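# Structural overview
The primary structure of each chain is shown beneath.
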Amino acid sequence: MTVSGAGSPEPRPAAPGANSVAVEQLRKEGNELFKCGDYQGALAAYTQALGLDATPQDQAILHRNRAACHLKLEDYDKAETEASKAIEKDGGDVKALYRRSQALEKLGRLDQAVLDLKRCVSLEPKNKVFQEALRNIGGQIQEKVRYMSSTDAKVEQMFQILLDPEEKGTEKKQKASQNLVVLAREDAGAEKIFRSNGVQLLQRLLDTGETDLMLAALRTLVGICSEHQSRTVATLSILGTRRVVSILGVENQAVSLAACHLLQVMFDALKEGVKKGFRGKEGAIIVDPARELKVLISNLLDLLTEVGVSGQGRDNALTLLIKAVPRKSPKDPNNSLTLWVIDQGLKKILEVGGSLQDPPGELTVTANSRMSASILLSKLFDDLKCDAERENFHRLCENYIKSWFEGHGLAGKLRAIQTVSCLLQGPCDAGNRALELSGVMESVIALCASEQEEEQLVAVESLIHAAGKAKRASFITANGVSLLKDLYKRSEKDSIRIRALVGLCKLGSAGGTDFSMKQFAEGSTLKLAKQCRKWLCNDQIDAGTRRWAVEGLAYLTFDADVKEEFVEDAAALKALFQLSRSEERSVLFAVASALVNCTNSYDFEEPDPKMVELAKYAKQHVPEQHPKDKPSFVRARVKKLLAAGVVSAMVCMVKTESPVLTNSCRELLSRVFLALVEEVEDRGTVVAQGGGRALIPLALEGTDVGQTKAAQALAKLTITSNPEMTFPGERIYEVVRPLVSLLHLNCSGLQNFEALMALTNLAGISERLRQKILKEKAVPMVEGYMFEEHEMIRQAATECMCNLAMSTEVQDLFEAQGNDRLKLLVLYSGEEDELLQRAAAGGLAMLTSMRPALCSRIPQVTTHWLEILQALLLSPNQELQHRGAVVVLNMVEASREIASTLMESEMMEILSVLAKGDQSPVSRAAAACLDKAVEYGLIQPNQDGE
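Here is what the cut-offs are and how they apply
- Residues numbered from 1 in each chain as written.
- Predicted model: local features only at pLDDT ≥ 70, side-chain atom pairs only at ≥ 80, totals over all residues.
- Heavy atoms only, no water.
- UniProt positions renumbered as here; feature names shortened; annotations may be inferred.
- Helix = DSSP H or I, 4+ residues; strand = E, 2+ residues; numbered from the N terminus.
- Contact = heavy atoms within 4.5 Å.
- Salt bridge = Lys/Arg side-chain N within 4 Å of Asp/Glu carboxyl O.
- Core = buried A, V, L, I, M, F, W, Y, C linked by side-chain atoms within 4.5 Å.
- Buried < 20%, exposed > 50% of the residue type's maximum accessible area, 1.4 Å probe, protein only.
- Phe/Tyr/Trp six-rings, centres within 6.5 Å; stacked < 30°, edge-to-face > 60°.
- Lys NZ or Arg CZ within 6 Å of the ring centre and 35° of its normal.

## Some remarks on the UniProt feature "repeat: TPR" (unreviewed entry) in the protein chain
Per the UniProt record, "repeat: TPR" (unreviewed entry) is found at residues 94-127. Taken as a whole, residues 94-127 contains 79% helix and 0% strand, while its terminal C-alpha atoms sit 11 Å from one another.

Following this line, the structure appears as structure tokens:
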């Protein structure tokens, strides 16, 4: 006997009896499919055979054949389960033992695999395949033991090299540091390092101050602490929380980022606990991880206002606080950490937000620091649950601003105004209240006329941020427009002129997309936009200043004339996309806003014509759409943006690991992506430039609206392109959850329809994808849409259910007693809607093939079953005919009684006519029905043998 690979399924002599014959036939069919490489088909055949009350010996063969299929499909868990079932039926089944050993080897359970192979060799001592497999796996086990025993010595040797002062800067030292990091990525390796006094040795590496050694130490610590609560707490105890946090503040950007990553891993370990099966052991070690969290956060808050900390380090500390403090979900009732941070650290966050980058103040900050502080303040404010908590937040902000505004002279006023700007960019409710404090707005207006550039910059920026808030816009329109115009025309400094221009842009776009509500004279917005584009394209100006040109365009592109000119300016688009990839991350929101405006992907509802007439009659204002915002113009703009490379730029924006990529920013990007994939012919371009991959994180994280828009874009791509190419590898499984979210009742009918179509495509690809769809609890929702009034949604849901029915779990639902699922499919097979008919008949054909027991229930579900099947066979549509013929054949083969009923009706005549037709799947199925009826003795062949 020879055994090879996953093993080829083998037949056995059939035992007498109808069931045994059917089992043998299905096994042969499965074997043929297996040989042809159709492992899913073979699996289905073996599964169907198992449902026919097979003998224990048959069951053992079928289970080991299923194990062979799962090995080929690389589903090793199921392969092991099936092989084990075969061994339960027959303990000496050598093929099942061998297949289980293959599955266990792939799962990394070598000790168990070797036991099965030893049993195989004892049963067939002369089998060379078993002997070779045992030798191979024995070698793997010895190698693993050797590796683990030598790891301790390796760790010690690596540290000796790294801490040897004579090895400074050598290749040997670099290799040792790389090996240490790689070893720490595996949990066993991380444990070895930890138990070998590794944290104390890593501390010595950190104390050297050498960049390469510090990076190696930090990256190794990431492996030690990753998803391991007790090691994280021990590491913090050995190194000292203050010491770890202080590394964030070093001038070296790479070291600061590595420390940021380590602290993020520590936060995750403390918040989430262990995910690697050590819960019991660790429960005794960690009593209160919340205390460790607070110590970490307290040190981060102290770092924010510490003199001598680098600007990059301060930004990293803000990023960590943004990720660690607010609740992940509003469903979590506990916001105590946010309240504690507000009480302990709000003033420190405001101090960073109010610091000036140029000229440098006491605290070193970057161009992104104030924006990061604004986002943290916004997150904290949004995490508050009641008016009392929000009132406390307002009080603390106002007291801080007053403390600087009063009694600290001009420098204090500048600090106060800068802090107000920070609040206006974040929790704008708090910013608006701060603007209303006595003397603040008056000081802003006065400082705009200052001779000092830095004073002017602070005042003009605060004026710009205030102009974006509807509450203040009317006041500023009345008092600030002339001032901004004067600054724009008279100032000799581009930094002032560009900011004044943005202020004018904001005020000029106060009417939004309403064509009839323009603040400035005809052509003024075009002139402003032209100047913005000119500054944007001027690479002699620093990125921080050019960002303001994008801010201006983000507002001016509400005007359709501006949009048209902008998309025609190839140089401006190129400069915009280059700036979005630069280190000036605070530009992302403005870039996304401009793209939303150009693609008209903001929410817009056509007004009811009757309401428009009524408003005109009542002399009320009626919004008007610009002629260049009509669909034909929008489509043309989308084409131009795609040609300019907008998708590549947006993919880079999505990958940004910065707090500036807020949920609101994500939503804007999702809106643009949805606009880009609206036309079928554009979807290939989006996929080719990585748009499919970028949409997945947008669909999984962000605002509800943003996630829905991204999910709809994913659905459109999944419908019209090959999902396996659009979402290669494991990404295809990540698409399922966003698509299922579109089935919820709060989504539109179009979103429901597109989600069903996309899920239909995915369900037809593989069993693993079907299992993922089932796991996301999509089946009840799909069933619900099978009753939908809209015929296209009903048809899409039926098609989706037809593909899902390839899974045994769904087949079980149809076979369960006391439900109308089967009845619905039978009735839909008789509907006038041909597409619905086709979907339902396909589902019926599949279910009756996989579950013969359902055949006997079809006559029970409706008295019209016979005429429905006859109508299918008489249909002019050959596909419907074929599906009907398969259903009839399955019913004839399932039961002599049903076959008798069918042959006594007009069905026999219809089948006779179809069987005489040209050779086709329909004629073959019809002939098979008649042959079976002859076998049952229900009909006699005529003299010609027909």
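Picking up after the structure, the text goes on.
## Quick look at unusual backbone geometry
With a phi close to 65°, Glu74 is a non-glycine residue in the positive phi region. Within the element layout of this structure, Glu74 appears in the loop between helix H3 (56-72) and helix H4 (76-89). Non-glycine residue Glu227 carries a positive phi angle of around 55°. Position of Glu227 relative to the elements: it lies in the loop between helix H11 (211-225) and helix H12 (229-239).

## So, the environment of Cys397
Structurally, Cys397 can be placed in helix H20 (residues 387-405). A C-alpha to C-alpha distance of 9.0 Å links Cys397 and Thr419, two positions 22 residues apart in sequence. Apart from the residues within four sequence positions on either side, Cys397 is in contact with Leu346, Leu350 and Leu423.

## Examining the pattern of salt bridges
Inspection of every chain in the model, using the stated rule, returns 44 salt bridges. It is possible to trace a salt-bridge network through shared partners that takes in Lys563, Glu564, Asp629 and Arg637.

## What to know about the nonpolar core
Judged by nonpolar contacts, the single largest core of 256 residues is most densely connected at Phe393, Phe673 and Leu676. With 10 residues, helix H14 (residues 253-272) is the largest single contributor of residues to this core. Sequence-distant contacts of Phe393, defined by excluding residues within four places in its chain, comprise Ile342, Leu346, Leu377, Leu380, Phe381, Leu384, Pro427 and Ala430. Within the second largest apolar cluster, 15 residues are counted, among which are Ile87, Ala96, Phe130 and Ala133.

## Overview of the packing of aromatic side chains
To describe a pair of aromatic rings, one takes the distance between the centres and the angle between the planes. Counted according to the given criterion, the structure contains 3 aromatic pairs. With a centroid separation of 5.3 Å and 45° between ring planes, the pair formed by Tyr98 and Phe130 is classed as tilted. Note that Tyr98 is positioned in helix H5 (residues 94-106) and Phe130 in helix H7 (residues 128-163), a separation of 32 residues in sequence. Comparing Tyr98 with Phe130, the two get one shared label, buried. Lying across the ring of Trp548, Arg547 places its NZ or CZ 4.6 Å from the centre.

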